[in-house]
There are 4 protein chains.
Amino acid sequence: MNKPFYNSPVLTTWRQAAGQDWPAYVEHDFVKGLADGTLPAEAFQRYLIQDYIFLVHFTRAWAMAVVKSESLEEMKIAAATVDALVNQEMQLHVQTCLKAGISEEQLYSAAEAIENLTYTRFVMDAGLSGDFLDLITALSPCVFGYGEIGLLTQRLAQADTPYQEWIDTYSSEDYQNLCFTVAEMIENSCKARLGDDPVKSVRMPALCKRFHTATKLEASFWEMGLKGSKW
Amino acid sequence: MNKPFYNSPVLTTWRQAAGQDWPAYVEHDFVKGLADGTLPAEAFQRYLIQDYIFLVHFTRAWAMAVVKSESLEEMKIAAATVDALVNQEMQLHVQTCLKAGISEEQLYSAAEAIENLTYTRFVMDAGLSGDFLDLITALSPCVFGYGEIGLLTQRLAQADTPYQEWIDTYSSEDYQNLCFTVAEMIENSCKARLGDDPVKSVRMPALCKRFHTATKLEASFWEMGLKGSKW
Amino acid sequence: MNKPFYNSPVLTTWRQAAGQDWPAYVEHDFVKGLADGTLPAEAFQRYLIQDYIFLVHFTRAWAMAVVKSESLEEMKIAAATVDALVNQEMQLHVQTCLKAGISEEQLYSAAEAIENLTYTRFVMDAGLSGDFLDLITALSPCVFGYGEIGLLTQRLAQADTPYQEWIDTYSSEDYQNLCFTVAEMIENSCKARLGDDPVKSVRMPALCKRFHTATKLEASFWEMGLKGSKW
Amino acid sequence: MNKPFYNSPVLTTWRQAAGQDWPAYVEHDFVKGLADGTLPAEAFQRYLIQDYIFLVHFTRAWAMAVVKSESLEEMKIAAATVDALVNQEMQLHVQTCLKAGISEEQLYSAAEAIENLTYTRFVMDAGLSGDFLDLITALSPCVFGYGEIGLLTQRLAQADTPYQEWIDTYSSEDYQNLCFTVAEMIENSCKARLGDDPVKSVRMPALCKRFHTATKLEASFWEMGLKGSKW
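Residues numbered from 1 in each chain as written. Chains lettered and ligands numbered in written order. Predicted model: local features only at pLDDT ≥ 70, side-chain atom pairs only at ≥ 80, totals over all residues.

Describe the overall build of chain A, with residues and values.
Within chain A, the secondary structure is distributed over 11 helices and zero strands. Going from N to C terminus, chain A has its helices and strands arranged as α-α-α-α-α-α-α-α-α-α-α. Its C-alpha atoms give chain A a radius of gyration of 17 Å, near enough to 17 Å, the size a compact globule of 231 residues would have. Dimensions of chain A along its principal axes, counting C-alpha atoms only, are 50 × 40 × 35 Å. (Helix = DSSP H or I, 4+ residues; strand = E, 2+ residues; numbered from the N terminus. Rg over C-alpha atoms; globule rule 2.2 N^0.38 Å.)

I'd like a description of the interface of chain C and chain D, backed by residues and values.
Accessible area lost when the parts come together is the quantity often used to give the size of an interface. Contacts between the two partners involve 17 residues from chain C, matched on the other side by 17 residues from chain D. At the level of elements, helix 4 (41-68), helix 5 (72-99) and helix 6 (104-108) of chain C are the ones that each hand at least two residues to the side of chain C that touches chain D. In terms of residue class, the side of chain C that touches chain D is built from 11 nonpolar, one polar and five charged. (Contact = placed C-beta atoms within 7 Å. Nonpolar A, V, L, I, M, F, W, Y, C, P; charged D, E, K, R; others polar.)

An account of the environment of P9 of chain A is needed here, citing residue identities and associated values.
Residues and elements named next belong to chain A. The topology assignment puts P9 in helix 1 (residues 9-17). Under the C-beta neighbour-count criterion, P9 is labelled partly exposed, with 13 such atoms within 10 Å. Taking C-alpha positions, P9 is 36 Å from G228, a pair spaced 219 residues apart along the chain. (Buried ≥ 20, exposed ≤ 12 C-beta atoms within 10 Å, placed from the backbone.)

Let's hear about the interface of chain A and chain B: which residues, and what values?
Taken together, the 17 residues of chain A in the interface contact 17 residues of chain B. Among the elements of the structure, helix 4 (41-68), helix 5 (72-99) and helix 6 (104-108) of chain A are those that each provide at least two residues to the side of chain A that touches chain B. Here the residues of the side of chain A that touches chain B are counted per class, giving 11 nonpolar, one polar and five charged.

Explain helix 1 (residues 9-17) of chain B residue by residue, including any values.
Residues and elements named next belong to chain B. Looking only at helix 1, the buried set comprises V10, L11, W14 and R15. Buried residues along helix 1 cover an arc of 130° about the axis, so they all sit on one side. Lining the buried residues of helix 1 we find helix 2 (21-26), helix 8 (132-156), helix 10 (173-194) and helix 11 (204-227). Among the residues trailing helix 1, G19 stands out with phi positive, at a value near 55°. (Arc of directions from axis to C-beta.)

Got a sec to walk through the relation of the copies chain A and chain B? Specific residues and values, please.
Least-squares fitting of chain A to chain B yields an RMSD of 0.0 Å, with the transformation described by 0.0 Å of translation along the axis and a rotation of 180°. On this basis, the relationship between the two copies can be described by a two-fold rotation axis. The C-alpha atom lying nearest the rotation axis in chain A is that of A63 of chain A; the distance is 2.4 Å. The share of interface residues of chain A whose copies in chain B are also at the interface is 100%, consistent with both copies meeting through the same surface. (Least-squares fit on C-alpha atoms with pLDDT ≥ 70 in both.)

Would you mind going over the relation of the copies chain C and chain D in detail, with residue names and values included?
Each copy superposes on the other: chain C lies on chain D with an RMSD of 0.0 Å after a rotation of 180° and an axial shift of 0.0 Å. When the interface residues of chain C are mapped onto chain D, 100% of them again lie at the interface, so the same face is used by both copies.

Account for the environment of H28 of chain C, with residues named and values stated.
Residues and elements named next belong to chain C. Residue placement: H28 occurs in the loop between helix 2 (21-26) and helix 3 (29-36). Taking C-alpha positions, H28 is 9.7 Å from L226, a pair spaced 198 residues apart along the chain. For H28, the residues in contact, after removing those within four places along its chain, are A219 and W222.

Account for the packing of helix 5 (residues 72-99) of chain B against helix 10 of chain B, with residues named and values stated.
All names here are of chain B. Two elements in contact, helix 5 and helix 10, have axes separated by 10 Å at closest approach and are oriented at 150°. Classified by the angle between their axes, helix 5 and helix 10 sit roughly antiparallel to one another. Judged by the twist between their axes, the crossing of helix 5 over helix 10 is left-handed. Facing helix 5, whose interface residues are E73, E74 and I77, helix 10 presents T181, V182, M185, N188 and S189. Residues belonging to the contact of helix 5 with helix 10 are distributed by class as follows: three nonpolar, three polar and two charged. (Axes fitted to C-alpha atoms, helices over the stretch in contact; angles between N-to-C directions. Parallel < 35°, antiparallel > 145°, perpendicular 65-115°, else oblique. Left-handed = near helix turned anticlockwise from the far one by under 90°.)

Residue-level account of the environment of T96 of chain D, with values.
Note that T96 of chain D resides in helix 5 (residues 72-99). Owing to 17 C-beta atoms within 10 Å, T96 of chain D belongs among the partly exposed residues under this scheme.

I'd like a rundown of helix 8 (residues 132-156) of chain A, residues and numbers included.
Residues and elements named next belong to chain A. Over its 25 residues, helix 8 extends 36 Å from the first C-alpha to the last, a length consistent with the 36 Å expected when each residue adds 1.5 Å. Approximately 40° is the largest bend angle found in helix 8, and it occurs at L139, with the proline P141 only one to four residues beyond. Across the 25 residues that make up helix 8, a large majority, 21, are buried. (Expected span 1.5 Å × (residues − 1). Bend = angle between axes of the 7 residues up to and from the residue.)

Hey, could you go over the nonpolar core for me, with residue numbers and the actual values?
With 305 residues, the main nonpolar core has V82 of chain A, V82 of chain B, V82 of chain C together with V82 of chain D as its most contacted residues. Residues within four places of V82 of chain C in sequence aside, it is in contact with T59, W62, A63 and V66 of chain C together with A63, V66, A79 and V82 of chain D. (Core = buried A, V, L, I, M, F, W, Y, C linked by C-beta atoms within 7 Å.)

For the confidence of the model for chain A, give the residues involved together with the corresponding values.
Per-residue confidence for chain A gives a mean pLDDT of 93; residues scoring 70 or more make up 97%. Scoring of the predicted complex yields 0.96 for pTM and 0.95 for ipTM. (pLDDT = per-residue confidence, 0-100.)

Below is the structure:
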């Protein structure tokens, strides 16, 4: 499988540091079930509801990135992402769920799965404890993993999968462009803080570890979707 | 002078608590100079440059409000404001300044006046130290003061004032509607945290004090625009 | 079983809101094993290592309480707790672990169990998203639960339990006094923000929910100690 | 004048970057007045009251450093400083003020001078927006400036200055040792984030700017003490 990872040295380093946990996330059975259509409707529904709550906290995390941005580029991209999350991604979920008879207020106040709580609070604390880079690192497995998953599911999609709309969202030119934009910003943000060769910077191992942890938490989110929450 | 203050018991209480410092802000000589056109071009230019830096931090503060929002209404309004600030208000400034030969990067990295630093960091710390309400209270003199000032300058505007575009921005239906939307949210946010009669809540004096301090910092911002920075 | 819960209306309300999850935490099999000495040494060791990492983040959370304190009483108690955690509780762990051949640097960099990560980041985000009260509520199940557990294990302790030193720590007059001091502060902090009858305040249900979630995360911490990490 | 600046390459770089603003702070007329005893009692009183409020926020800032610490050394030093500030420095002020008939509660709730507000909120936002290093940089002019001032005033002190107790505090072995401890930590913290030669790191100019701004805010604090608040 070709994994472009958006042409970035830093992202490539991060993904490699995640080792087998990266494919365990982006090629998870949940993902394969989306592509071939074998994912149970119940699992998708569980995922959708939790993903809405996830998006609430993901929006908070990107808002925290606005708070912590130190260049005009960082501020604009983070602010645009906040807007896209609230006004596009969350709306997509709301509409899908409305069809299934679930109101937005119900979504907002649904019980949060522990896998959700763990992942999102880990990201928020990355923002509180570190700088813009620490936060963006924790956000990256979601942004770029969904990009890869979009392309992968598009390639493998069976004609009759009921999840084509989901696949179209993340394989869309819009979403793929977002990935490239954020990847470019990350390179710039790293160079501004870590120097000309960020991959060799003294902070890189800590950033790799943060990316790795977030990657595992993404995989546990799929697992929760597939089999229900562990706790 | 009629001061509707957007029909809200909480806002009315806050404004009254600011006493004479409220009119000292919204009827400042800088404001009168905008309306009658006597404001020196140099003062307006100084204001514009500092206001751009202010908008950067104001955007950060509204992003912090997204981080701290506890209802769907709060999150949506705060996120929409972040977007409006970055993509509308800041762009307006950038275009005005571009005409005067100042690039956006220059704006972003201009030396920050102490009046600016004081005000914006006070607001950010309100977000760090308190809850959503503490933060929104510190943001309110700017939001609603500019609403009042927009209406006031529109009413007093001389036909030949060179600042008509500025006046039109803040007296516009768009901006006035934003004020009403935020005012309604504040009532709801207060009721959700302070009970049915927020004005009588035990936290109200501390919120009034915070609003008052921010009001004085707004007046000092006009003063800086008019006469240059104190430090 | 007598549960004094430190004579506080607010704490009593919180504990009741946690329902059966409260005794599931304070009377967990891990706790019973401490008292009757049947807890496997391996389980205690696993707990000790994770508890060290927990104390690091718990210290960060109490430091966040200093950041967010709004009265002299709050600041002094939170600062004293930061000091007690770093210079007493953590030192106790370090010495116990040193006897077992584990250095403090090893402790500090041990792999963090997911139960630990979940709990501590949930607490930190309570501090980032809310005010002092939201944070203290999330910290309370640990503070007061260990107080109850100290008294309970002291009452049930078998003469030959190898965990007497642990039991002595949390049943000590020092620790019990700390509980009463913090309980009194919580009543005062609630009254200062919620009015004379905090239990009936509009924010109480949200605080109860936060306390309840933290209580469940405490129980999952014991479970991790007893049986190893779930993930 | 000999300025050891605690033997640190990073601190030396920061101080040099502050240029003439560094001696303008550490050799301010307020400082000279402490040494030769000509400082008016009224000015010292004004300083003492504001310095108490400053210490409250300085404690909050060091607590934020605990929140953001990423090594055991950082956590221990930051926590010890929180404790020293609350239980020693603030107590010193309280006792001095009690002699002058001012209670601690009065101190805590005294009106905050704008110079105080500006400086302390600037430091807090350094903690919110950046990482541990950004925060520590903003805290450094206070820590090390008072160290230099302690030595300077001790050297210049007239036998009859009424401010000998203040001079003794900051020239004491205890305080000087604190400076050396924090200086060593800063070198280590910089190396852990900026590499083996922090002074040449890409982040150094931004850190220098932050140090410089905080230095100017320290000087404005003396100015406020000497002549009253500007606003």
